Amino acid sequence: MTKQRKLILLVGALIVSSFLIYANFFFDPYVLRILNLIAIYMSAALGLSLINGFTGQFSLGIAGFMAVGGYAASLLTLPISVKESIFFIRPLIWPFNSLELPFIVGILFAAVMTAIFSFLIGFPVLRLRGDYLAIATLGFSEVIRVVSTNTITITNGALGLKGIPAFTNIWWSFGFAGFSLFVIWRLINSSYGRAFKAIRDNEMAAEAMGIALFKNKLLAFVIGSTLAGIAGALLAHLLTAIDPAMFRFFLTFNVLLMIVLGGMGSITGAVLGATIVTFLFEFLRYLDSPMEWGFITIPGAPGLRMVIFSTLLIIMILFRRQGLMGDRELSLAWIEKSFSRIFHRRGGGNGNS
Amino acid sequence: MAILKLDQVTKRFGGLVALKDFNANLEEGEIVGLIGPNGAGKTTAFNVITGVYKPEQGRVTFNSRDITMLKAHPRTAMGICRTFQNIRLFDQMTVLENILVAMHIRLKKSIFSVVAGSPGYQKREKEMKEEAFELLRYVNLDHLADERAPNLPYGQQRRLEIGRALATNPKLLLLDEPAAGMNPQETAELMEFINKIQGEFKLTIFIIEHQMMVVMGICKRILVLDYGLTIAQGTPKEIQNNPKVIEAYLGVKDSA
């Protein structure tokens, strides 16, 4: 890495963190919450992007893993008194009923649990390809949701968990988004990343070049799902209440929309997609309420904003199927080039990252 | 010493016998040709050798180890590599990355040390890139290193595919119709190229080819398949004059 590049990275990190500090102290809670959501969805989108975009294994199970992460972390961090009060149908089983651990332990537990779950699910499912894989992962995601509705002694069933401490703040969510970004970036630009992309591009050739298909698919699946699981844990501690209905297919669809919009196979695409979709989701909220245009009155129709998203998706698929970024990246080399174009001609961007 | 030995190998697809009692013996350093009309079972033979298919009967031995039931990727690690009849490059990757993918089996670093960017991995990555560049220079594609693979003209894609196979450090190289779709000049260059890599990388080469000029020109020995059966084997001269081969290719003269 050149000196110039380090400088750009440093300046970028400074700008982002000073913005976050400013936001943390001066923005109202509503805006802060949206910022938190953006960061959390970013991590989930990066995880899904690794599985769907880079390794080419079309998985629709991300909501299930977010549920696993959310429940796993909350069960550890919920105060004992709250546990006693919300589990009034059937008491919570040991050891969770006597535990009240710090957030970081909850997050680590969420990571371990989603890694285990995704390994157990990925092991049989990743033998399938294409549409069959998508259906099977979707099925398992629903299974997780249904099981969580029925294991009342662990998840409190359909009532869900309430009173989860609001540990997630801007540092946790963006910290983890930065971590996910770093991990995926390193991974994709490494030898393992090339192996993943080779599997996506041509399975038969990849195997002939000595790449263990199943092992590498499973590796990508577990890493991606674990990132989503931790995102689920952060989400639970942001919303302070979770129930199985939150983790329907709708959640998977949202994350999928982010990476399709941003561009499958692009890290910056996933980041961009997560930002745009989360932002629009809040911004278009007024569409769900009654509207008056002059003398025309439209009664409130909940879900109208989803029509906008569907339209957006159709337009995207018709006119720009590869997504905003395609499989290109907004790289430092690109920034360097544009900068050196603005500030005289210093020869700028030689080689790419 | 025989590096590859196929012993009475039979492969069926439902009722179709694609390969029947196929025997082959490749000595180290040989270039052997495999010819036959379309659908004779040539590519099936390659798929059995590389582990894409498992045969119903028979044994495949490589370097005196029975590999009949081994999966495809460990065979590559042992030193068997191939190219494909219809080119199969990694389309969304650059020429350099295509070569680097083939070196992944020799990485031997855990994913944790890779993500953490350990000095050991960074050194290895640098070595791999240097080695890949050297290989690209060798196959004369170094000036196109950052080009995406599908943007290359056909002949160069073929060469990249061979280069990629070489990057796995093979002992046995299987070439599936490398000269398909090439003009006479390109074909002549290819023949020279195959001879060159055979000597320099100490390869044993098994080659399927329809262009007789190539097969007769570089193979010391030729096997002929027809409907899954080995109908002839021998030197190019013997094959050219073998009545069974002529029959398989041109049909029988009506003796009325």
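Residues numbered from 1 in each chain as written. Chains lettered and ligands numbered in written order. Predicted model: local features only at pLDDT ≥ 70, side-chain atom pairs only at ≥ 80, totals over all residues.

## Some details on the overall build of chain A
Here is step 1: Summing up its helical and strand segments, chain A has 15 helices and 4 strands in all.
Here is step 2: Relative to a compact globule of 353 residues, whose C-alpha radius of gyration would be 20 Å, chain A shows 21 Å and is just as compact.
Here is step 3: Considering only C-alpha atoms, chain A reaches an extent of 70 × 60 × 45 Å along its principal axes.
Here is step 4: Expressed as a percentage of the 353 residues in chain A, the buried residues total 44%.
Here is step 5: In chain A, of all internal contacts separated by at least 6 residues, the share reaching a separation of at least 24 is 78%. (Helix = DSSP H or I, 4+ residues; strand = E, 2+ residues; numbered from the N terminus. Rg over C-alpha atoms; globule rule 2.2 N^0.38 Å. Buried ≥ 20, exposed ≤ 12 C-beta atoms within 10 Å, placed from the backbone. Contact = placed C-beta atoms within 7 Å.)

## So, the interface of chain B and chain A
Here is step 1: Counting residues at the interface gives 27 residues for chain B, matched by 22 residues for chain A.
Here is step 2: Looking at the side of chain B that touches chain A, its residues break down into 14 nonpolar, 7 polar and 6 charged. (Nonpolar A, V, L, I, M, F, W, Y, C, P; charged D, E, K, R; others polar.)

## Quick word on the pairing of strand β3 (residues 31–35) of chain B
All names here are of chain B.
Here is step 1: With 5 of 5 residues buried, β3 is to be regarded as a mostly interior element.
Here is step 2: Side chains of β3 alternate between two faces, with I31, G33 and I35 and V32 and L34 buried alike.
Here is step 3: Summarising the sheet, β3 and strand β8 (residues 204–208) pair through 4 bridges and their orientation is parallel. Across the sheet, the residue bridging to I31 is I205, located in β8.
Here is step 4: Examined bridge by bridge, β3 and strand β9 (residues 221–226) share 4 bridges and lie parallel to one another. Bridge pairing in β9 places L34 opposite L223. (Pairing = 2+ DSSP bridges.)

## Focus: the sheet that holds strand β5 (residues 65–66) of chain B
Within a sheet, neighbouring strands are paired by backbone hydrogen bonds and run either parallel or antiparallel to one another.
Residue and element names in this part refer to chain B.
Here is step 1: Sheet architecture is open: 4 strands sit in the order β2-β1-β4-β5, paired in antiparallel fashion. Of all the strands in the sheet, just β2 (16–27) and β5 have a single pairing partner and so form its edges.
Here is step 2: Bridging between strand β1 (residues 2–13) and strand β4 (residues 57–62) involves 5 bridges; their strand directions are antiparallel. Counted as the bridge partner of D7 is R59 from β4.
Here is step 3: Taken strand by strand, helix α1 (residues 42–50) contacts β1, β2 and β4, and its axis lies near 65 degrees from that of β2. (Axes fitted to C-alpha atoms, helices over the stretch in contact; angles between N-to-C directions.)

## Things to note about α1 of chain B
Residue and element names in this part refer to chain B.
Here is step 1: Here α1 lies mainly inside the structure; 8 of its 9 residues are buried.
Here is step 2: Buried residues of α1: K42, T44, A45, F46, N47, V48, I49 and T50, and no others.
Here is step 3: After α1 finishes, the residue G51 shows a positive phi value of roughly 95 degrees.

## Brief notes about the confidence of the model for chain B
Here is step 1: Per-residue confidence for chain B gives a mean pLDDT of 91, with 98% of residues at or over 70.
Here is step 2: With a pTM of 0.90, the predicted complex shows an ipTM of 0.91. (pLDDT = per-residue confidence, 0-100.)

## Let's talk about helix α8 (residues 170–188) of chain A
An α-helical segment advances 3.6 residues per turn. Residues three or four places apart therefore align on the same side.
Here is step 1: With 19 residues, α8 of chain A should reach 27 Å at 1.5 Å per residue; the first-to-last C-alpha distance of 26 Å fits that figure.
Here is step 2: Buried within α8 of chain A we find W172, S173, F174, F176, A177, S180, I184, L187 and I188 of chain A.
Here is step 3: In this structure, the buried side of α8 of chain A is in contact with α1 (3–26), α2 (29–54), α9 (191–201), α11 (213–239) and α13 (267–283) of chain A together with α4 (111–115) of chain B. (Expected span 1.5 Å × (residues − 1).)

## Details of unusual backbone geometry
Residue and element names in this part refer to chain B.
Here is step 1: At N169, a position not held by glycine, the phi torsion is positive, near 60 degrees.
Here is step 2: Secondary-structure assignment places N169 in the loop between α6 (154–166) and β7 (172–176).
Here is step 3: Judged by the 17 C-beta atoms lying within 10 Å of it, N169 falls in the partly exposed class.
Here is step 4: You will see that K202, though not glycine, has its phi angle at about 50 degrees, which is positive.
Here is step 5: Tracing the chain through its elements places K202 in the loop between α7 (184–200) and β8.

## Here's the deal with the confidence of the model for chain A
Here is step 1: Overall, the predicted model of chain A reaches an average pLDDT of 88, with 97% of residues at or above 70.
Here is step 2: Predicted confidence for residues 346–353 of chain A stays below pLDDT 50, and this span has 13 contacts to residues more than four positions away or in other chains.

## Notes on the packing of α2 of chain A against α11 of chain A
Residues and elements named next belong to chain A.
Here is step 1: Where α2 meets α11, the closest approach of the two axes is 7 Å, and the angle between their N-to-C directions is 165 degrees. The orientation of α2 relative to α11 falls into the category roughly antiparallel. Of the two elements, α2 crosses α11, and the hand of that crossing is left-handed. Each of N36, I40, S43, A44, L46, G47, L48, L50 and I51 in α2 lies in contact with α11, whose residues at this interface are A220, F221, I223, G224, S225, L227, A228, I230, A231, L234, L235 and L238. (Parallel < 35°, antiparallel > 145°, perpendicular 65-115°, else oblique. Left-handed = near helix turned anticlockwise from the far one by under 90°.)

## Regarding the environment of N97 of chain A
Here is step 1: With respect to the helices, strands and loops of the structure, N97 of chain A is situated in the loop between α4 (80–86) and α5 (103–125).
Here is step 2: Classification of N97 of chain A by C-beta neighbours within 10 Å gives partly exposed; the count is 15.

## Considering the sheet that holds β9 of chain B
Residues and elements named next belong to chain B.
Here is step 1: Here we have 6 strands laid out as an open sheet, ordered β6-β7-β8-β3-β9-β10, and mixed in their pairing. Edge positions in the sheet fall to β6 (80–82) and β10 (229–234), since each has one partner strand and no second. With strand direction ignored, the average angle separating the axes of adjacent strands in the sheet is 20 degrees.
Here is step 2: Seen against the sheet, helix α10 (residues 243–250) touches β9 and β10 and runs at an angle of roughly 130 degrees to β10.

## Regarding the environment of I317 of chain A
Residues and elements named next belong to chain A.
Here is step 1: Looking at the secondary structure, you find I317 in helix α14 (residues 304–319).
Here is step 2: Classification of I317 by C-beta neighbours within 10 Å gives exposed; the count is 11.
Here is step 3: In sequence terms I317 and V260 are 57 residues apart; their C-alpha atoms lie 8.9 Å from each other.

## Notes on the packing of α2 of chain A against α13 of chain A
All names here are of chain A.
Here is step 1: Across the interface, α2 lies against α13 with an axial gap of 8 Å and an inter-helix angle of 140 degrees. Comparing the axis directions of α2 and α13 gives the class oblique. Seen from above, α2 lies across α13 with right-handed handedness. Of the residues in α13, those in contact with I34, L37, I38, Y41, M42, A45, L46 and S49 of α2 are I267, A270, V271, G273, A274, T275, T278, F279 and E282.

## Regarding the nonpolar core
Here is step 1: In this structure, I40, Y41, M42, A44, A45, M66 and M258 of chain A are the most contacted members of the largest nonpolar core, which totals 157 residues.
Here is step 2: Residues within four places of M258 of chain A in sequence aside, it is in contact with Y41, A45, A270, G273, A274 and V277 of chain A. (Core = buried A, V, L, I, M, F, W, Y, C linked by C-beta atoms within 7 Å.)

## Thoughts on the pairing of β10 of chain B
All names here are of chain B.
Here is step 1: In this structure, β9 lies alongside β10, joined through 5 bridges in antiparallel fashion. Opposite L223, over in β10, you have Q233 as the bridge partner.
Here is step 2: Adjacent in sequence and paired antiparallel, β9 and β10 are bridged by 2 residues, among which Y227 carries a positive phi angle near 50 degrees.

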